[in-house]
Amino acid sequence: MLPISRRNLLIGAAGVGALDAADRLEVFASAPGAASCARRRRSSGSADGDAWEPGFGGAAGAPPVVAADADGRSEVFVLAAGGSGTRHRWQESPGGA
């Protein structure tokens, strides 16, 4: 795996990453205190990649999990605080946003 800079975001828990259909590394990590889950994307061959995107879904109860659909879209799941539900985010098209 290519190194990812942690600038612009303090990581509160171990991140998880996967390659999307466009061969970009998608990294998801919990913010300090599990306040949210943030994302950073890096294209193959790029030095640092995009800036960290702010968190989504509210407080997290566990680190995120990422998987790829059969068509290559990335999906991320985060357990809500206290196990009250699941937060879910996905790409709308393979290699897309």
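Up top you'll find the structure we're talking about.
Now for a quick tour of the structure. (Residues numbered from 1 in each chain as written. Predicted model: local features only at pLDDT ≥ 70, side-chain atom pairs only at ≥ 80, totals over all residues. Heavy atoms only, no water.)

## Here's the deal with the side chain of Arg39
Stage number 1. Within the secondary structure layout, Arg39 lies in strand S3 (residues 37–42).
Stage number 2. Of the polar contacts made by the side chain of Arg39, one reaches the side chain of Glu26; its length is 3.2 Å.
Stage number 3. Leaving out residues up to four positions away in the same chain, Arg39 has contacts with Glu26, Val27, Phe28, Ala51, Trp52, Glu53 and Arg89. (Helix = DSSP H or I, 4+ residues; strand = E, 2+ residues; numbered from the N terminus. Polar contact = N/O pair within 3.5 Å; in protein donor to acceptor, adjacent residues only side chain to side chain. Contact = heavy atoms within 4.5 Å.)

## A look at the pairing of S3
The two faces of the sheet receive side chains in turn, since in a regular strand these alternate between them.
Stage number 1. Taking burial as the measure, the six residues of S3 include six buried ones, the bulk of the element.
Stage number 2. Burial along S3 is two-sided: the face carrying Cys37, Arg39 and Arg41 and the face carrying Ala38, Arg40 and Arg42 are both buried.
Stage number 3. Sheet topology note: the strand S2 (residues 25–30)/S3 ladder contains six bridges and is antiparallel. Across the sheet, the residue bridging to Ala29 is Ala38, located in S3.
Stage number 4. The antiparallel pairing of S2 with S3 creates a hairpin that spans six residues between the two strands, and Gly33 there sits at a positive phi of about 70°.
Stage number 5. By the bridge criterion, two bridges tie S3 to strand S4 (residues 53–56) in an arrangement that is antiparallel. Within S4, the position partnered with Arg39 by the bridge is Glu53. (Buried < 20%, exposed > 50% of the residue type's maximum accessible area, 1.4 Å probe, protein only. Pairing = 2+ DSSP bridges.)

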